[in-house]
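# Understanding the architecture of this molecule
So you can see what is in the structure, the chains are spelled out below.
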Amino acid sequence: MNISTYTVKPKLPASLKPLEEIARNLWLSWNYDAVQLFIRLGDHQVWSETRQSPIKTLGKVSQARLNEFASDDSFLAALKDVYEQFLKYKKRETWYKGQRRDVVAYFSMEYGMDVSLPIYSGGLGILSGDHMKTSSDLGLPLVGVGLLYRQGYFQQYLNADGFQQESYPENDWYNMPVERKVGKNGKPLTIAVELAGRQASAQIWEVRVGRSFLYLLDTNIEDNPPDFRMITSALYGGNKETRIQQEILLGIGGYRALRAMGINPAVTHMNEGHAAFLSLERLRELISERGLSFNEAREAIWPTNIFTTHTPVPAGNERFDIALLEKYMRPWASILGISWETFLGFGRENPSNQSETFCMTILALKFSAYANGVAALHGVVSRDMWQGLWPGLPINEVPISHVTNGVHPKTWVYSGMSTLLDRYLGANFEEKPFDLSVWNRMSRISDEELWRTHERRREQLVRFIRDRLEERYRRSGANERQIRKAEDALSPYALTLCFARRFATYKRGNLLLRDPERLLKLLRDPERPIQLIFAGKAHPHDIPGKELIKSIVHFAEKYDVTSRIVFVENYDMTVARYLTSGSDVWLNTPRRPMEASGTSGMKAAMNGVLNCSILDGWWDESYNSNVGWAIGNGEYYADENLQDDIESKALYDLLERDIIPLFYQRGRDNLPREWIKMMKASMKEIGQSMSSHRMLMDYSTKFYLPALKNYQRIIKADYSESKALASYFAKLGDSWGKIKIGEIISNAKPVMQRGDDITVKTYIELGELSPNEVQVELYFGAVSSQNNIEDARRCEMKSTGKEGNGYRYQVRIECTDTGMQGHTVRILPKHSALIHPYRSGFIKWA
């Protein structure tokens with residue numbers, strides 16, 4: 001069929017022109033006054049029908065209504081005020097004040113910035129969205145790169161039996177806040193990648209996020225054959241072949257897209273391993289355009305690559321079978337001038353293990369000087385998981401640090417609470433969100449105002465859920481009697497507990513149902529009732545996760561507590577905003593340490609909702625008894641059934657002894673003042689520590705700013721530093737096996753006194769290396785019962801001169817700790833251009 005296409009846009013009167021500019025910038029998503037303009041223009045029904053899309057709302061409103069509002073002085077005054085706020089925001093002084101020529105390119109498989117742009121599935125995408133918004137707030141030189149999915153992630157609904165079903169509605173890009181990039185010739189700007197000997201093209205779409213920009217690739221264009229047009233059809237859809245195609249497009253294609261637009265990605269940040277192939281494109285560029293060797297190019301990109309892992313279990317890391325990898329990536333070995341076996345080794349923990357699959361996390365780690373987990377505990381778990389990549393290196397020195405996740409307050413604090421905070425925290429809450437000290441002013445808010453604001457939101461939550469339930473019942477063909485049951489669902493006055501997250505079995509969404517008798521007693525208590533709200537999607541192929549959802553629905557029906565236990569379908573950003581602000585307690589029950597971070601509890605806390613959680617992820621470092629409750633004490637269990645028994649009982653105990661009595665402990669004014677005291681403490685502490693502004697400032701000071709300096713230093717010297725490093729490691733590789741550490745001699749006696757000095761000497765043969773090319777260290781500390789040095793300290797040993805074929809080394813240390821102590825000697829690489837000395841295969845112990 002031959003179809004001629006064209007785009008139709010709304011015809012806005014001149015006085016309403018600013019609406020289009022506001023609608024096309026996701027600044028709107030964290031500014032409720034701007035949202036209100038579109039609700040007012042189209043009314044709540046149109047706003048709902050358009051899935052809260054400002055652009056589509058402009059298109060749905062009749063021309064007569066637009067003309068009416070064009071002369072409405074009240075509406076125009078509100079529009080003027082919002083537009084001035086928008087312009088002021090873009091010109092406002094920011095935290096970052098450096099150069100903007102070179103940028104940090106942030107690559108992520110998904111972005112959750114607003115319900116009107118559904119290209120996210122859950123936590124990873126929401127984090128990426130908050131990352132982009134916060135980058136705008138701080139004024140960072142950062143751009144985002146991702147894929148534009150025609151169907152996004154699935155829409156969830158439950159059948160009559162409570163079993164999850166999926167639908168995949170098509171996204172209408174021409175009514176969403178994305179704009180296709182065009183070249184100088186006026187045609188859509190495209191890039192190409194090779195996929196198994198064929199070329200796939202992708203067009204580039206731009207999303208404006210305040211001051212920042214996100215670029216998304218889309219293969220659904222006529223230049224592509226039908227199978228390639230499907231590459232960006234769905235997020236996490238298709239099979240393994242679809243996945244490798246998407247990841248080649250994201251990493252290699254995404255980097256090429258930035259170059260095609262004239263953007264210089266001086267630093268690249270891989271948010272999970274999906275984008276790890278970008279390192280190959282960076283290498284290719286330097287080899288082909290700068291004439292560097294593979295090893296020289298590797299040393300050039302290593303100091304400017306950042307990798308964030310979000311996975312706490314080995315099975316969660318992306319791996320590809322070698323046959324599939326070879327089909328798509330074999331030509332890259334020749335392009336880079338290396339053997340196929342060498343290429344495979346970059347994705348293997350043990351490069352010589354021919355049966356090992358190719359892991360994207362390992363590829364990212366091997367090409368990144370900076371790597372991090374997403375919470376303090378997750379950093380520990382990640383160092384343990386990947387210690388094998390650095391054989392011989394103590395686990396605490398594995399070069400994977402952590403930056404704990406955070407959330408964007410203006411996105412997640414609901415409008416009523418935000419208005420209250422604006423009034424009491426001062427102008428900096430809006431104008432300088434990086435000034436985290438404003439949260440210290442929580443004590444200024446009266447108990448009455450905070451509680452009434454929270455109660456209003458709980459009432460709104462109950463109304464929202466009743467409407468959603470009625471919609472579900474009508475869709476499923478229920479009779480009027482069943483539909484009327486929606487009006488009885490939940491109470492706006494009862495203690496409301498919420499569990500909302502992805503339904504994976506390790507998250508244990510049914511832990512609270514383990515003892516029905518005990519739970520029913522709490523649900524049916526006429527004086528101090530509780531109610532439970534559940535929400536979350538299971539992966540389409542996760543049958544155990546779907547069974548978890550069904551078990552919750554069946555429990556409520558079996559025990560006739562459907563007015564007290566509710567499952568809300570299609571958990572998305574809209575549902576999340578209601579739940580994280582309208583509930584009273586936020587439940588989180590993962591098996592420790594399988595929750596890398598989690599962020600929903602942070603959102604809840606900033607709204608005054610108290611957390612009750614297993615000590616895992618972010619809660620492990622944030623919990624204290626003033627801000628919420630901990631289930632257990634961070635124990636580990638070999639028997640999962642025993643763990644569920646113990647921890648479910650601990651949860652019931654907390655509810656019965658602490659949480660419920662505290663909530664219903666009221667004075668004559670009917671205020672739960674001790675509960676409110678905890679709300680204020682939680683908002684103050686977590687508002688400061690778990691703000692995404694703290695997170696981005698951490699990323700900037702630890703990684704972004706040092707990596708940008710590395711880049712500027714490297715190119716200033718025309719890559720001479722990278723060439724020198726490559727030569728150094730080539731020399732090190734030839735000489736490392738020849739290094740010999742001789743006898744270690746010290747003046748230590750069997751018993752020493754604290755404060756005594758110990759002199760340690762050794763003799764080392766370095767082969768062709770000189771003393772200034774290695775770092776010789778004394779490694780010392782307490783000796784455990786397993787004869788390991790724990791909580792070790794390091795002290796560099798200095799060469800005292802050459803002797804024969806080697807060198808004498810010596811150091812003096814003080815006895816500061818009591819107990820059994822010990823020491824040994826080790827050798828590491830040493831070069832002025834190294835970000836850190838930990839390179840696989842280059843550590844030698846005495």
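The preceding data block contains the structure.
Attention in this report is confined to the structure presented alongside it. (Residues numbered from 1 in each chain as written. Predicted model: local features only at pLDDT ≥ 70, side-chain atom pairs only at ≥ 80, totals over all residues. Heavy atoms only, no water.)

## What about the overall build of the protein chain?
Selection criterion: Strands here are runs of E lasting at least two residues and helices are runs of H or I lasting at least four, both read from the DSSP assignment and numbered beginning at the N terminus. With C-alpha atoms as the basis for the radius of gyration, the globule rule is written as 2.2 Å multiplied by the number of residues raised to the power 0.38. Any two residues having at least one pair of non-hydrogen atoms within 4.5 Å are treated as being in contact. Note on areas: Shrake-Rupley, 1.4 Å probe, and residue coverage restricted to the protein chains presented here. Under the counting rule used here, the positive set is Lys and Arg, the negative set is Asp and Glu, and His together with the chain ends is not counted. Note that the charge is assigned to NZ on lysines, CZ on arginines, CG on aspartates and CD on glutamates.
Regarding its fold elements, the protein chain presents 28 helices and 28 strands. Taken over the C-alpha trace, the protein chain has a radius of gyration of 29 Å; the compact-globule value for 846 residues is 28 Å, and the two agree within 12%. Judged by the C-alpha coordinates and their principal axes, the protein chain covers about 95 × 70 × 50 Å. Partitioning the intrachain contacts of the protein chain with sequence separation of at least 6 by distance along the chain shows that 72% fall at a separation of at least 24. Of the roughly 34600 Å² of accessible surface on the protein chain, 48% is carried by carbon and sulfur atoms. For the protein chain, the distance from the average site of its 107 positive side-chain charges to the average site of its 102 negative ones is 3 Å.

## Structural notes on the packing of aromatic side chains
The condition that has to hold: To pair, rings of Phe, Tyr and Trp, with the six-membered ring standing in for Trp, must have centres within 6.5 Å; the planes then decide the type, stacked if under 30 degrees apart, edge-to-face if over 60, and tilted in the middle. We call a residue buried when its accessible area falls under 20% of the maximum for its residue type, exposed when it is over 50%, and partly exposed in between, using a 1.4 Å probe and counting protein chains only. Distance and angle both matter: a charge sits over a ring if NZ of Lys or CZ of Arg is within 6 Å of the ring centre and within 35 degrees of the ring normal.
For the structure on display, the rule yields 33 aromatic pairs. Taking 5.8 Å as the distance between ring centres and 65° as the angle between the ring planes, the aromatic pair formed by Phe503 and Phe567 counts as edge-to-face. In this pair, Phe503 sits in the loop between strand S15 (495-500) and helix H20 (516-523) while Phe567 sits in strand S17 (residues 565-568), placing the two residues 64 residues apart along the sequence. A ring pair is formed by Phe555 and Tyr559, whose centres lie 4.8 Å apart and whose planes are at 50°; its orientation type is tilted. Accessibility expressed as a relative area gives 8% for Phe555, which makes it buried. Classification of Tyr559 as partly exposed rests on a relative accessible area of 23%. In textbook terms, an aromatic cluster arises when at least three aromatic residues are bridged by ring pairs, as seen for Trp451, Trp629, Phe663, Tyr664 and Trp675. The side chain of Lys802 reaches across the aromatic face of Tyr807, ending 4.9 Å from its centre.

## Remarks on the side chain of His274
By the element assignment, His274 lies in the loop between strand S9 (264-271) and helix H9 (278-290). The exposure class of His274 is buried, given its relative accessible area of 11%. Not counting the four nearest positions on each side in its chain, His274 is found in contact with Met109, Leu124, Tyr236, Arg243, Glu247, Leu250, Glu318 and Met360.

## Some words on the sheet that holds strand S16 (residues 530-535)
Where we set the bar: DSSP calls a pair of strands paired once it identifies at least 2 bridges connecting them. Angles here are taken between N-to-C directions and fall from 0 to 180 degrees, while the axes themselves are lines fitted to C-alpha atoms, restricted in helices to the stretch in contact.
Ordered by their spatial adjacency, 6 strands build an open sheet running S17-S16-S15-S18-S19-S20, and the pairing between neighbours is parallel. Looking along the sheet, the strands with just one partner apiece sit at the ends: S17 and strand S20 (628-631). Averaged over all pairs of adjacent strands, the angle between strand axes in this sheet comes to 20°, irrespective of strand direction. As paired elements, strand S18 (residues 585-588) and strand S19 (residues 610-614) share 4 bridges and run parallel to each other. Bridging across to S19, Trp586 finds its partner in Asn611. With respect to the sheet, H20 is in contact with S16 and S17, its orientation differing from that of S16 by roughly 115°.

## Remarks on the pattern of salt bridges
Opposite charge on two side chains lets them pair, provided their charged atoms get close. Put simply, the rule reads: When a carboxyl oxygen of Asp or Glu lies within 4 Å of a side-chain nitrogen of Lys or Arg, that pair is called a salt bridge.
The tally for this structure, following the rule as stated, stands at 61 salt bridges. The salt bridge involving Arg319 is made with Glu356; its shortest N-O contact spans 4.0 Å. Residue Arg319 is located in strand S11 (residues 319-320), and its partner Glu356 is located in the loop between helix H12 (340-345) and strand S12 (358-359); the two are separated by 37 residues in the primary sequence. Two residues, Arg518 and Asp653, come together in a salt bridge whose shortest N-O distance is 2.4 Å. Of this pair, Arg518 sits in helix H20 while Asp653 sits in helix H25 (residues 640-663), and the two are 135 residues apart along the sequence. Overall, Asp653 belongs to the partly exposed group, its relative accessible area being 22%. Taken together, the shared-partner salt bridges connect Asp447, Glu448, Asp669, Arg673 and Lys680 into one network.

## What to know about the side chain of Arg282
For clarity, the threshold we go by: Polar contact criterion, stated in full: a pair of N or O atoms within 3.5 Å, where within protein one must be able to donate a hydrogen and the other to accept it, and residues adjacent in sequence count only if both atoms are side-chain atoms.
With respect to the helices, strands and loops of the structure, Arg282 is situated in helix H9. No salt bridge is formed by the buried Arg282; its nearest oppositely charged neighbour, Glu285, is found at 6.0 Å. Separated by 3.1 Å, the side chain of Arg282 and the backbone oxygen of Ala266 make a polar contact. Those residues in contact with Arg282 that lie beyond four places of it in its chain are Tyr255, Pro265, Ala266, Thr268, Ile301, Thr304 and Asn305.

## Points about the packing of helix H10 (residues 294-301) against helix H28 (residues 720-735)
For the record, the criterion: Left-handed describes a crossing in which the near helix is turned anticlockwise from the far one by less than a right angle; the clockwise case is right-handed. When residue character is reported, Ala, Val, Leu, Ile, Met, Phe, Trp, Tyr, Cys and Pro are called nonpolar, Asp, Glu, Lys and Arg charged, and the others, Gly included, polar.
At their nearest, the axes of H10 and H28 sit 8 Å apart, and the two run at 120° to each other. You can see that H10 and H28 cross each other, and the crossing is right-handed. Residue-level contacts link Asn295, Glu296, Glu299 and Ala300 of H10 to Ser722, Lys723, Leu725, Ala726 and Phe729 of H28. For the contact of H10 with H28, a count of residues per class yields 4 nonpolar, 2 polar and 3 charged.

## Overview of unusual backbone geometry
Backbone torsion omega between Arg592 and Pro593 reads 5°, so that peptide bond is classified as cis. Tracing the sequence through the fold places Pro593 in the loop between S18 and helix H23 (600-606). Phi angles above zero are rare outside glycine, and Asn670 is one such case at about 65°. By the element assignment, Asn670 lies in the loop between H25 and helix H26 (673-689). Overall, the relative accessible area of 43% leaves Asn670 in the partly exposed class. Non-glycine residue Asp718 carries a positive phi angle of around 55°. Residue position: Asp718 is located in the loop between helix H27 (692-716) and H28. Given a relative accessible area of 46%, Asp718 falls into the partly exposed group.

## Quick word on the pairing of strand S1 (residues 102-107)
Note the cut-off: For a crossover, the right-handed case is the one in which the path from the first strand over the helix to the second runs clockwise, viewed with the strands pointing away from the viewer.
For S1, a buried count of 6 out of 6 residues is recorded, marking the element as mostly surrounded by other parts of the structure. Direction of pairing for S1 relative to S9: parallel, over a ladder of 6 bridges. Looking at the pairing, Val103 lines up with Pro265 of S9. Where S1 meets strand S2 (residues 142-147), 4 bridges bridge the pair, whose relative direction is parallel. When the sheet's bridge partners are listed, Tyr106 is paired in S2 with Gly144. Handedness of the crossover joining S1 and S2 through helix H6 (residues 123-138) is recorded here as right-handed.

## Examining the nonpolar core
Just so we agree on the cut-off: Nonpolar core, defined: a set of buried Ala, Val, Leu, Ile, Met, Phe, Trp, Tyr and Cys residues in which side-chain atoms within 4.5 Å join the residues together.
Counting 177 residues, the largest nonpolar core has Phe277, Met329, Phe343 and Tyr704 as the members making the most contacts within it. Among the elements that make up this core, the one with the highest residue count is H27 (10 residues). Among residues more than four places away in sequence, those in contact with Phe343 are Leu280, Leu325, Met329, Trp332, Ala333, Ile338 and Phe358.

## Some thoughts on the sheet that holds strand S28 (residues 844-845)
With antiparallel pairing, 4 strands are arranged side by side in an open sheet as S24-S23-S27-S28. With partners counted over all chains shown, the strands left at the sheet margins are strand S24 (789-796) and S28, one partner each. Examined bridge by bridge, strand S27 (residues 821-829) and S28 share 2 bridges and lie antiparallel to one another. From the neighbouring strand, Ile827 faces S28, where its bridge partner is Lys844.

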